[in-house]
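# Coordinate inspection notes
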Amino acid sequence: QVQLVESGGGLVQAGGSLRLSCAASGRTFSSYAMGWFRQAPGKEREFVATISWSGGTTYYADSVKGRFTISRDNAKNTVYLQMNNLKPEDTALYYCAADRGGRATIRKTTYDYWGQGTQVTVSS
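What counts and how
- Residues numbered from 1 in each chain as written.
- Predicted model: local features only at pLDDT ≥ 70, side-chain atom pairs only at ≥ 80, totals over all residues.
- Heavy atoms only, no water.
- Helix = DSSP H or I, 4+ residues; strand = E, 2+ residues; numbered from the N terminus.
- Rg over C-alpha atoms; globule rule 2.2 N^0.38 Å.
- Buried < 20%, exposed > 50% of the residue type's maximum accessible area, 1.4 Å probe, protein only.
- Contact = heavy atoms within 4.5 Å.
- Pairing = 2+ DSSP bridges.
- Axes fitted to C-alpha atoms, helices over the stretch in contact; angles between N-to-C directions.

All right, on to the overall build of the protein then. Along the protein, the regular secondary structure elements total 0 helices and 11 strands. When its helices and strands are written in sequence order, the protein yields β-β-β-β-β-β-β-β-β-β-β. Against the 2.2 N^0.38 benchmark of 14 Å for 124 residues, the protein shows a C-alpha radius of gyration of 13 Å, consistent with a compact globule. By principal-axis analysis of the C-alpha atoms, the protein measures approximately 40 × 25 × 25 Å. Here the protein holds 124 residues, and 44% of them are scored as buried. Contacts in the protein between residues at least 24 apart in sequence constitute 59% of all its contacts with a sequence separation of at least 6.

Shown next as structure tokens:
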């Protein structure tokens, strides 16, 4: 069992930056692929970014490419999402997720564990 706890959300003006963190419990974190997803009110949860177990492969949603960066520190059991040049449409509850398969994947149904989410609100 893996527990995921997100942090770093908040209120920021458009054009600003935030860095989300997701701390994982357990000794097998380094073998998991990790992903970030988000869900805005009234919308489905959507893919944002993913990183493979080694950090060697990453994928991004087109809407965040060039603005967001996913990274991980396996020694700290933590995955990060650096978000720059934030836009009001980035406002959502952001979730991190872990996939035992280890390969970076954009499919939310592949992920085995989910955090509770951290709110990001971008004002115009």
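What follows is about the sheet that holds strand S7 (residues 68-73). Spatial strand order, S1-S3-S8-S7: 4 strands in an open sheet with antiparallel pairing. Taken across any chain shown, the strands that pair with only one partner, and hence form the sheet edges, are strand S1 (4-7) and S7. Averaged over all pairs of adjacent strands, the angle between their axes in this sheet comes to 15°, without regard to strand direction. Examined bridge by bridge, S7 and strand S8 (residues 78-83) share 6 bridges and lie antiparallel to one another. Of the residues in S8, the one forming a bridge with Ile 70 is Leu 81.

Relative to the assigned elements, Thr 105 resides in the loop between strand S9 (92-99) and strand S10 (113-114). Thr 105 has contacts with Phe 47, Thr 50, Asp 99, Thr 110 and Tyr 111, leaving out every residue within four places of it along the chain.

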